[in-house]
Amino acid sequence: MSRMGDVLAGFHAAWEFESDSVLIRYERGIRTPKLFQALGERRVPLEAISGVTLSPGKRGTVVLRAELRPGADPLLEAAAGQLKEGCDPYRLVLPAERDALAEYYADELRGLLTADGEPAERFLVAAPEAPRQFKAYDAKASFDGKTVHFRWFWTGASSAKWKAGDQSFPVGELSGVEWRSPEVFEGHLRLLRRSAAQEAAQAVQVDQDPAAVVFGLGYGPVHESLPFAAAVLAAVRGAGAAAVVSAGAPRRDPADIAERIRHLGELHQAGLVTDEEFSVKKAELLAEL
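Residues numbered from 1 in each chain as written. Predicted model: local features only at pLDDT ≥ 70, side-chain atom pairs only at ≥ 80, totals over all residues. Heavy atoms only, no water.

Peer 1: Lay out the nonpolar core in plain terms, naming residues and giving numbers.
Peer 2: One broad trend across soluble globular proteins is that nonpolar side chains are buried collectively. Ile49, Val148, Phe150, Leu189, Leu191, Val213 and Val232 are the most contacted members of the largest nonpolar core, which totals 66 residues. Sequence-distant contacts of Phe150, defined by excluding residues within four places in its chain, comprise Lys140, Ala141, Asp166, Gln167, Phe169, Leu189, Leu191, Pro210, Ala211, Ala212 and Val213. In terms of nonpolar packing, the next biggest core, distinct from the first, is built from five residues, Ile257, Ile261, Leu264 and Phe278 among them. (Core = buried A, V, L, I, M, F, W, Y, C linked by side-chain atoms within 4.5 Å. Buried < 20%, exposed > 50% of the residue type's maximum accessible area, 1.4 Å probe, protein only. Contact = heavy atoms within 4.5 Å.)

Peer 1: How would you summarise the pairing of strand 1 (residues 6-9) if you had to cite specific residues and measurements?
Peer 2: A regular strand places its side chains so that they alternate between the two faces of the sheet. Alternating positions in strand 1 separate cleanly, Asp6 and Leu8 being buried on one face and Val7 and Ala9 remaining unburied on the opposite face. Relative to strand 2 (residues 13-17), strand 1 runs antiparallel, the two sharing four bridges. Opposite Val7, over in strand 2, you have Glu16 as the bridge partner. Where strand 1 hands over to strand 2, the hairpin turn is made up of three residues, of which His12 adopts a positive phi near 75°. (Helix = DSSP H or I, 4+ residues; strand = E, 2+ residues; numbered from the N terminus. Pairing = 2+ DSSP bridges.)

Peer 1: Give a detailed account of the side chain of Asp6, specifying residues and quantitative values.
Peer 2: If you trace the backbone, Asp6 turns up in strand 1. Apart from the residues lying within four places of it in its own chain, the contact partners of Asp6 are Trp15, Glu16, Phe17 and Tyr105.

Peer 1: Go over the packing of helix 7 (residues 254-269) against helix 8 (residues 275-287) with me, naming the residues and quoting the values.
Peer 2: At a closest axis distance of 10 Å, the pairing of helix 7 and helix 8 adopts a crossing angle of 180°. If you check the angle between helix 7 and helix 8, you find them roughly antiparallel. Of the residues in helix 8, those in contact with Ile257, Arg260, Ile261, Leu264, Gly265 and His268 of helix 7 are Asp275, Phe278, Lys281, Lys282, Leu285 and Leu286. Of the residues belonging to the contact of helix 7 with helix 8, the class tally is six nonpolar, two polar and four charged. (Axes fitted to C-alpha atoms, helices over the stretch in contact; angles between N-to-C directions. Parallel < 35°, antiparallel > 145°, perpendicular 65-115°, else oblique. Nonpolar A, V, L, I, M, F, W, Y, C, P; charged D, E, K, R; others polar.)

Peer 1: Just give me the short version of the sheet that holds strand 8 (residues 132-135), but keep the residues and values in it.
Peer 2: With antiparallel pairing, four strands are arranged side by side in an open sheet as 8-9-10-11. Only two strands of the sheet have a single partner each, and these edge strands are strand 8 and strand 11 (167-170). Across the sheet, the mean angle from the axis of one strand to that of its neighbour is 10°, orientation sign disregarded.

Peer 1: Describe helix 3 (residues 99-110), naming the residues involved and giving the relevant values.
Peer 2: With twelve residues, helix 3 should cover 16 Å at 1.5 Å per step; its first-to-last C-alpha distance of 16 Å lies within 8% of that length. Every buried residue belonging to helix 3 is among Ala102, Tyr105, Ala106 and Leu109, and all of these are buried. Mapping the buried residues of helix 3 onto a view down its axis gives an arc of 105°, with all of them on the same face. Against the buried residues of helix 3 lie strand 1, strand 2, strand 3 (21-26), strand 5 (49-56), strand 6 (61-68) and strand 7 (91-95). (Expected span 1.5 Å × (residues − 1). Arc of directions from axis to C-beta.)

Peer 1: I'd like a rundown of the sheet that holds strand 14 (residues 212-214), residues and numbers included.
Peer 2: With respect to topology, three strands assemble into an open sheet ordered 12-13-14, the strand pairing being antiparallel. Only two strands of the sheet have a single neighbouring strand rather than two, namely strand 12 (174-180) and strand 14. This sheet shows a mean twist of 10° between the axes of neighbouring strands, independent of strand direction.

Peer 1: So what about empty space enclosed by the protein? Which residues, and what values?
Peer 2: The full count for this structure, using the stated rule, is two cavities of 30 Å³ or more. Volume-wise, the largest cavity comes out at about 40 Å³. Lining of the largest cavity is provided by Trp15, Val22, Ile24, Val44, Ile49, Ala66, Leu68, Tyr90 and Leu109. Split by residue class, the lining of the largest cavity holds nine nonpolar, no polar and no charged. Taken as a whole, the second largest cavity encloses approximately 30 Å³ of empty space. Every residue lining the second largest cavity is listed: Gln82, Leu83, Lys84, Cys87, Ser181, Glu183 and Val222. The class makeup of the residues in the lining of the second largest cavity is three nonpolar, two polar and two charged. (1 Å grid on protein atoms, 1.4 Å probe; cavity = no way out; pocket = protein on both sides within 12 Å on 5 of 7 lines; lining within 4 Å. Points joined across faces, edges and corners; volume = space filled by probe spheres on them.)

Peer 1: Outline unusual backbone geometry, listing residues and values.
Peer 2: In the segment running from Ala130 into Pro131, the intervening peptide bond is cis, with an omega of 5°. Relative to the elements of secondary structure, Pro131 occurs in the loop between helix 3 and strand 8. If you check the backbone angles, His12 has positive phi at about 75° while not being a glycine. Counting through the fold element by element, His12 comes out in the loop between strand 1 and strand 2.

Okay, structure coming up:
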């Protein structure tokens with residue numbers, strides 16, 4: 001760029017052009033999309049950008065957009081093309097009278113790009129930081145950077161999930177994340193596991209799968225659930241890069257097993273789990289020690 005630190009301000013965001021990256025700062029305000037407010041800012045290395053476009057927008061505006069390489073950003077990877085145009089974090093909307101200035105910056109930025117659109121081998125844009133949490137329709141989901149926890153709600157969780165008990169998933173046991181926007185039918189977040197039973201588990205409806213939470217009106221909105229999914233996905237990829245496949249079954253924290261057995265006993269006393277189901281599930285949990 002001509003001067004490091006140049007800033008181009010638009011509606012809801014400002015782009016600061018640096019020697020090796022573009023720092024996008026999102027505004028806070030009632031009109032700013034909630035996803036932008038949740039993200040706060042994004043630093044995008046130039047090596048993550050494959051192109052820049054400038055096009056006419058709606059109602060007297062122009063739109064400057066950075067096109068990222070496939071696989072460069074965990075947020076876009078988790079979104080899988082489901083974000084609406086107004087929630088695209090890499091669109092900068094400006095008044096039409098600033099189109100000459102926007103074209104200048106677009107040309108300057110294009111001159112610095114070296115990537116030609118090939119997929120990135122690793123995430124180049126930082127993931128939203130953990131810890132993160134949100135409320136889905138049937139559970140509270142939390143992520144501390146190492147383990148995903150699902151705590152079921154009486155009012156939303158299916159009997160299958162109650163019988164399975166609250167769930168904890170270390171990122172080392174996961175292979176990915178499936179996010180379906182809460183703005184569409186059957187929105188959910190499902191954790192994909194590395195185990196041989198994963199294919200069978202994915203055939204189960206999400207409201208019956210203990211590795212999934214379902215969204216509903218007002219539960220798990222995009223600005224909460226998508227950064228959550230992106231943070232988990234980045235942690236999973238990071239763990240996968242250094243993972244060593246164990247020959248035996250993974251061992252769980254004894255405290256976690258004790259808590260799940262206690263919860264299972266409560267379900268049994270409440271009549272939600274039969275004697276046989278209680279015995280079988282307790283034996284399975286003890287076998288994980």
